[in-house]
Amino acid sequence: GARLVNWLQDLFPEVAAALGIRLARGTAGGLLAGLRDRSLKRAAMNVVIGEGMRKRLLDLGVDSARVEVVHNWSDDERIRPLPAAENPLRGEWGLDGKFVVGYSGNLGRAHEHETLLAAADRLRGERNLVFLFIGGGASMDGLRAEAQARGIANLIFRPYQAVERLRESLGVPDVHLVVLRPEMEGLIVPSKFYGIAAAGRPTIFVGSSDGEIAGLLASGEAGLAVDQGDDAGLAGAILRLRDNPALRERMGQNARWLCEERFSRRAALKHWERVLSAASQG
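So, a few notes on the structure that sits alongside this text. Given the structure is predicted, the values throughout are model-derived calculations rather than measurements.

## Describing the pattern of salt bridges
Tallying each qualifying case throughout the model produces 15 salt bridges. In this structure, the salt-bridge partner of D174 is R90, at a minimum N-O distance of 3.7 Å. With D174 in the loop between α8 (166–171) and β7 (175–179) and R90 in helix α5 (residues 88–92), the pair connects residues that are 84 residues apart, well separated along the chain. The salt bridge involving E168 is made with R165; its shortest N-O contact spans 2.6 Å. On the accessibility criterion, R165 (25% relative accessible area) is partly exposed. In this structure, a network of salt bridges that share partners links the residues E14, R36 and D37.

## Thoughts on the environment of A43
With respect to the helices, strands and loops of the structure, A43 is situated in the loop between α3 (27–42) and β2 (45–48). A relative accessible area of 0% means that A43 is categorised as buried. Dropping the residues within four chain positions of it, A43 is found in contact with L4, N6 and R66.

## Regarding the nonpolar core
Grouped together as the largest cluster of nonpolar side chains are 36 residues, with contacts concentrated most on L57 and F193. Those elements giving two or more residues to this core turn out to be α4 (51–59), β3 (67–69), α9 (192–198), α10 (212–220) and α12 (245–262). Examining the composition of this core, we find that 5 residues originate from one element, α9, more than from any other. Non-local contacts of F193, meaning those with residues more than four positions away in its chain, are made with V178, T203, I213, L216, L217 and F263. Residues L117, L143, F157 and I204 belong to the second largest nonpolar core, which totals 32 residues.

## Observations regarding the sheet that holds strand β1 (residues 5–8)
The strand order β1-β2-β3 describes an open sheet built from 3 strands, whose pairing is parallel. Of all the strands in the sheet, the pair left with one neighbour each is β1 and β3. Each strand axis lies, on average, 20° off the axis of its neighbour in the sheet, ignoring direction. Relative to β2, β1 runs parallel, the two being bridged by 4 bridges. Looking at β2, one finds that L8 is bridged to V48.

## Some details on the packing of aromatic side chains
Tallying each qualifying case throughout the model produces 7 aromatic pairs. Consider the rings of W7 and W73, whose centres lie 6.3 Å apart with planes at 10°: the pair is stacked. Of this pair, W7 sits in strand β1 while W73 sits in the loop between β3 and α5, and the two are 66 residues apart along the sequence. Assessed through its relative accessible area of 28%, W73 is described here as partly exposed. Taken together, the ring pairs in this structure connect W7, W73 and W272 into an aromatic cluster.

## A few points about the environment of D243
Position of D243 among the secondary structure elements: in the loop between α11 (231–242) and α12. Sequence-wise, D243 and F99 are 144 residues apart; in three dimensions their C-alpha atoms are separated by 10.0 Å. Among the polar contacts listed, one links the side chain of D243 to the side chain of R242, at a separation of 2.8 Å.

Basis of the calculations
- Residues numbered from 1 in each chain as written.
- Predicted model: local features only at pLDDT ≥ 70, side-chain atom pairs only at ≥ 80, totals over all residues.
- Heavy atoms only, no water.
- Salt bridge = Lys/Arg side-chain N within 4 Å of Asp/Glu carboxyl O.
- Helix = DSSP H or I, 4+ residues; strand = E, 2+ residues; numbered from the N terminus.
- Buried < 20%, exposed > 50% of the residue type's maximum accessible area, 1.4 Å probe, protein only.
- Contact = heavy atoms within 4.5 Å.
- Core = buried A, V, L, I, M, F, W, Y, C linked by side-chain atoms within 4.5 Å.
- Pairing = 2+ DSSP bridges.
- Axes fitted to C-alpha atoms, helices over the stretch in contact; angles between N-to-C directions.
- Phe/Tyr/Trp six-rings, centres within 6.5 Å; stacked < 30°, edge-to-face > 60°.
- Polar contact = N/O pair within 3.5 Å; in protein donor to acceptor, adjacent residues only side chain to side chain.

Written as structure tokens, this is what we have:
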């Protein structure tokens, strides 16, 4: 007698298939997708985390009345904008006086990094500009090894930070990078964007310039987007934000406003209350 509400963070087995996993493309993948689709169509509600994912479900034949978009969120009370001069991590990591381009979180199979590495190579002559990678993931060690092999020295790596220092670690970069392979649009939404917005920092998105995060950045004037593979465009976007502090500040403020108005924990919980109340009565 229970009512089923599915909460989709990623869309499997399509994610696995897009990453080239053979099993997900064969008979087993088709069987899993069929069972999954049956669950989606019979559920009282399916909650997805982006408009692209919503379209994917509608294309599968799921009734639009059974699909609701509830974006992921950030703890905007714990994570707040922190001026560089007040951030102890910048001093601890030797980044005082540097323009820091940051990547925070998992760097995995869904995240192409060659564009980032090529842009860092283009900018290796900018003495006060560094790329800071905080976190881990399937591709992080490979990125580090490739940078060393090519002699690209303007990359710094740090491990995941304790949650108590998340405000500080997200506040270290002057601008953050978010990446997603274009074939993953509608299957995954990079949740790291919401923490960046809470920290009041602009984002440069690398992937599909008409994708989910790119659209949020454009509509909210909270950052820039470049296509995957356009390392010259990425390098140009970084220099544009470095050389225009007023633009950087305005985009950061816009990002924080987006977080408070649309992607706060408070707003998300209210939305979830409405969804679950409707599902229980339907």
